Amino acid sequence: MTTTLRPDGAEGAAVGNGRTRHWQIMVNGHPVGGLRTTAWPRSGFCPGEISELEVTEGPRRGRGTIGVLAAEEVLRSWGCTRIDVTVPAEADAGLRLARSLGYTERMRNLIKPLTELPEIPAGLTVRRIGPEAYPAWEQEAIEGYRQELIESGLGDAEATAKAEHDHHRALPDGPHTPDTVLRRLLDADGRVLGCLWVALHQDRLPDGSSVAWVMLVEVAPEHRGRGHGRTLMRLAERECLVAGVHHLGLNVFADNGPAIALYDSLGYRVTRRILSKPLL
């Protein structure tokens, strides 16, 4: 019995100058499922992704495994050096498959419905990050993200290129980028306790409601362990509700135990897991 991939339509363009193609999973010339491969060539690295994986006939016969391995070869031929798979929180079989093939969890997506307007603790001040403060904040934000990517398993060159690309794509007009919240949290003496970046109307749920996204929440090292991370998250929720957005999402690296515990205590729940594997 032979399992292969067959192109299902022409190759298309993906967002950000990428390339994508849907494939049928074939067994002895008969379609039993499908998947999609996508690649995003960047300066210095090329991440790839397998998505839309579905086996419609003969589950538990290893057809999904063979389909993923064949997709890895496609992405390797496209020049990809790393491959990601996104697994919905409820897809236990998909999670087991990815782990069995050597994928490790790199990141989690979480979402929370917002109902109550939080108050900011007395004695603290919220200030907008404007044009004057933006350059220094931008440099720190990119470097912090780069370090997180390296700690999550990316190489130095790949992490640098991704951090710069993702940041400039998300903030093309700097502090003037529409639907963007950039804030600093200060104490009574004017010391910066931390900063917040939220992208409003970033995504939509199946019912059409908007989802904002926490792009960055950072507490200054000398002020950590005092509850300021919780305050910044409450500030993010407040900014969303004031803007008329009633769901807030975020990404957290899977090895960041303290952050995961904080988000869980605030009512954020996992919706998807992103697992990665290097293509050697």
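Computed from a predicted structure; not experimentally measured. (Residues numbered from 1 in each chain as written. Predicted model: local features only at pLDDT ≥ 70, side-chain atom pairs only at ≥ 80, totals over all residues. Heavy atoms only, no water.)

Enquirer: Now, about the overall build of the protein: what can you tell me, with residues and values included?
Expert: Looking only at helices and strands, one finds 6 helices and 13 strands in the protein. Relative to the globule expectation of 19 Å for 280 residues, the C-alpha radius of gyration of the protein, 21 Å, shows essentially globular dimensions. Overall, the protein is about 70 × 35 × 30 Å in size when its C-alpha atoms are taken along their principal axes. Considering the protein as a whole, with its 280 residues, one finds that 45% of them fall into the buried category. Looking at the protein alone, contacts between residues at least 24 apart form 64% of all its contacts between residues at least 6 apart. With the model as given, the accessible surface of the protein reaches about 14,300 Å², and the carbon-plus-sulfur share is 50%. Averaging the positions of the 33 positive and the 36 negative side-chain charges in the protein gives two centres separated by 4 Å. (Helix = DSSP H or I, 4+ residues; strand = E, 2+ residues; numbered from the N terminus. Rg over C-alpha atoms; globule rule 2.2 N^0.38 Å. Buried < 20%, exposed > 50% of the residue type's maximum accessible area, 1.4 Å probe, protein only. Contact = heavy atoms within 4.5 Å. Areas by Shrake-Rupley, 256 points an atom, 1.4 Å probe, with all protein chains shown as cover. Lys, Arg positive; Asp, Glu negative; His and termini not counted. Charge placed at Lys NZ, Arg CZ, Asp CG, Glu CD.)

Enquirer: I'd like a description of the pairing of strand E6 (residues 82-88), backed by residues and values.
Expert: Burial analysis of E6 places 5 of its 7 residues in the buried class, which makes it a mostly covered element. Sheet topology note: the strand E5 (residues 47-55)/E6 ladder contains 4 bridges and is parallel. Following the sheet pairing, Pro47 is matched in E6 by Arg82. Relative to strand E13 (residues 269-278), E6 is paired through 7 bridges, and the arrangement is antiparallel. The residue bridging Val87 from the neighbouring strand is Arg273, located in E13. (Pairing = 2+ DSSP bridges.)

Enquirer: Please set out the packing of aromatic side chains residue by residue, giving values where relevant.
Expert: Scanning the model with the defined rule gives 3 aromatic pairs in all. Relative to Trp137, the ring of Tyr134 has its centre 5.6 Å away and its plane inclined at 40 degrees; by these criteria the two rings are tilted. Residue Tyr134 and its partner Trp137 are located together in helix H3 (residues 134-151), separated by 3 residues, close to a single helical turn. Of the two residues examined, Tyr134 and Trp137, each falls in the buried class. (Phe/Tyr/Trp six-rings, centres within 6.5 Å; stacked < 30°, edge-to-face > 60°.)

Enquirer: Describe in detail the side chain of Thr231, supporting the description with residues and values.
Expert: Here Thr231 shows up in helix H5 (residues 228-242). The exposure class assigned to Thr231 is buried, which follows from its relative accessible area of 11%. In contact with Thr231, other than residues within four places in its own chain, are Ile120, Pro121, Leu124 and Leu185.

Enquirer: Break down helix H6 (residues 257-265) for me, with residues and values.
Expert: What H6 keeps buried is the set Ala259, Ile260, Leu262 and Tyr263. All buried residues of H6 project into a common sector of 160 degrees when viewed along the axis, lining one side. Elements that come into contact with the buried residues of H6 comprise strand E7 (104-113), strand E11 (210-219), H5 and strand E12 (247-253). Capping of H6 at its N-terminal end is provided by Asn256; its side-chain oxygen lies 3.3 Å from the backbone amide nitrogen of Ala259. Just past H6, the residue Gly267 takes up positive phi, approximately 95 degrees. (Arc of directions from axis to C-beta. Polar contact = N/O pair within 3.5 Å; in protein donor to acceptor, adjacent residues only side chain to side chain.)

Enquirer: Any details on the nonpolar core? Residues and values, ideally.
Expert: Counting 27 residues, the largest nonpolar core has Val198, Met233, Cys240, Leu248, Leu250, Tyr263 and Tyr268 as its most contacted members. Elements with a contribution of two residues or more to this core: strand E9 (180-186), strand E10 (192-204), E11, H5, E12 and H6. The dominant element in this core, judged by the number of residues it contributes, is H5, at 6 residues. Among residues more than four places away in sequence, those in contact with Val198 are Asp179, Thr180, Val181, Ala212, Trp213, Val214, Met215, Ala236, Cys240 and Leu248. In this structure, Leu35, Cys80, Leu97 and Tyr103 belong to the second largest nonpolar core, which totals 25 residues. (Core = buried A, V, L, I, M, F, W, Y, C linked by side-chain atoms within 4.5 Å.)

Enquirer: Could you give an account of the environment of Ser210, with specific residues and numbers?
Expert: In this structure, Ser210 sits in strand E11. Taking relative accessible area as the criterion, Ser210 reaches 12% and is therefore assigned buried. For Ser210 and His246, which are 36 residues apart along the polypeptide, the C-alpha to C-alpha distance reads 7.0 Å. Discounting residues that sit within four places of it in the chain, Ser210 has contacts with His201, Asp203, Arg204, Val245, His246 and His247.

Enquirer: Go over helix H1 (residues 63-77), please, and point to the residues and values.
Expert: Taking 1.5 Å per residue as the helical rise, H1 with its 15 residues ought to reach 21 Å, and the 21 Å between its terminal C-alpha atoms agrees with that figure. If you check which residues of H1 are buried, you get Arg63, Gly64, Gly67, Val68, Ala71, Glu72, Val74 and Leu75. Downstream of H1 by one or two residues, Gly79 has phi in the positive range, about 90 degrees. (Expected span 1.5 Å × (residues − 1).)

Scope: geometric values only; no functional claims are made or implied.
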